[in-house]
Amino acid sequence: MRLVDSHAHLDMPEFDADRPDVVRRAFAAGVAAILCPADLTRPESFPAIAGLAAEFPTVLAAAGVHAHQAKDFSPSHLSRLGELAANGSIRAVGEIGLDRHYDFSPAAAQAEALRAQLAFAARAGLPVILHSRLSGPDIVAAVDGERFGRGGILHCFTEDWATAEAMLDRGFHISFSGILTFPKAGALREVAAKVPLDRLLVETDSPYLAPVPYRGSGRRNEPAFVVETARVLAGIRGLPLEELAAATTRNFAALFPFEKAPA
Ligand SMILES: [Zn+2]
Ligand SMILES: [Zn+2]
């Protein structure tokens, strides 16, 4: 069985002590690739991901300024994105987006950081990793506002079906995290049942949101645990786990080719 973790914050201090071991453990558990979004507002973030990407060719890097840090967004971050895109260091811009749940940055700052980075990604020809919390219609409007057509991932999906449908129409993939395994996530599981199989992805959002059965133990989430979300998603879809794993891995590879064709 081969899985992909489409979203893991392996730059976070929670992984400082054992970052390469976390990746090796994921590979041993059947994870073929991991997409890691670095946070450009923390100087130590991108180097941590770049180090992993250099050591492990199927650890893929992305970079951006998150909705939470949007109040600190500046033109310098666009210059940095420009450098990283020019030298091929990033496969996507993200994560970027809107978050009305935590509201760590003012709404206007979130909207401007999202707009500017969508415009950058369009110019650079890169997909985006979008974060949306209680912001579905505004995320759709932002994508439309920039006429952003390159697609990407709406990650850690928690919005309603109308948002899923709108983003699918705009070419996006929908990624589900460990939240899908939580007892109270019935409405989310109903959405997950309806997303076309060729647009589904799974992720951990490590170190956050450990899936059941790791949840609640205060345990750090890590990419090896993505199988638990895949298992629940397979159940929802009425598919064998192996088939669901193969489909999500194929979907990810279509978006981010991570293996060279055999010579
Ligand atoms: Zn997020
Ligand atoms: Zn994230």
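As the structure is a prediction and not an experimental result, all values here were calculated from the model.

Caption draft 1: Highlighting the coordination of the zinc ion (ligand 2). In this structure, His-7 (NE2), His-9 (NE2), Glu-95 (OE) and Asp-205 (OD) serve as the protein donors to the zinc ion (ligand 2), at separations of 1.9 to 2.7 Å. Classification of the site at the zinc ion (ligand 2) as irregular follows from its four donor atoms and the range of 84 to 175° in their angles at the metal. The motif formed by the donor residues of the zinc ion (ligand 2), counted along the single chain, is H-x1-H-x85-E-x109-D. In this structure the zinc ion (ligand 1) is found 3.3 Å away from the zinc ion (ligand 2), and Glu-95 serves as a bridging donor for the pair. Residue His-7 shares its accessibility class with His-9, and that shared class is buried.

Caption draft 2: Structural view of the coordination of the zinc ion (ligand 1). For the zinc ion (ligand 1), the full set of protein donor atoms is Glu-95 (OE), His-131 (ND1) and His-155 (NE2), at a range of 2.0 to 2.1 Å. Counting gaps between the donor residues of the zinc ion (ligand 1) yields the pattern E-x35-H-x23-H. A relative accessible area of 12% means that His-131 is categorised as buried.

Caption draft 3: The arrangement of unusual backbone geometry in detail. Residue Glu-95 is bonded to the preceding Gly-94 through a cis peptide linkage, with omega at 10°. Within the fold, Glu-95 resides in strand 4 (residues 92-99). For the bond running from Val-212 to Pro-213, omega is 10°, close enough to zero to count as cis. On the secondary structure map, Pro-213 appears in the loop between strand 8 (200-202) and helix 8 (226-237). Although it is not a glycine, Asp-205 adopts a positive phi angle of roughly 60°. On the secondary structure map, Asp-205 appears in the loop between strand 8 and helix 8.

Here is what the cut-offs are and how they apply
The residue numbering used here restarts from 1 in each chain and proceeds along that chain's sequence as written. Chains and ligands are labelled by the order in which they are written, letters from A for the one and numbers from 1 for the other. Restriction of local features to residues with pLDDT of at least 70 applies here, the model being predicted, together with a cutoff of 80 or more for giving and counting side-chain atom pairs; totals for whole chains, interfaces and linings are based on all residues. The side-chain figures draw on all heavy atoms in the structure; neither hydrogens nor water molecules are used. For Na, K and Ca the donor cutoff is 3.2 Å, while for all other metals N, O and S atoms count as donors only within 2.8 Å; water does not appear among the atoms, so some sites may look incomplete. In short, tetrahedral needs four donors with all angles between 85 and 135 degrees, square planar needs four and octahedral six donors with opposite donors over 155 degrees apart and all other angles between 65 and 115, and whatever is left is irregular. Only protein chains enter the accessibility calculation, which uses a 1.4 Å probe; a residue whose area is less than 20% of its type maximum is buried, one above 50% is exposed, and one in between is partly exposed. Here a strand is any run of E in DSSP of at least two residues, a helix any run of H or I of at least four, and the numbering for each starts at the N terminus.

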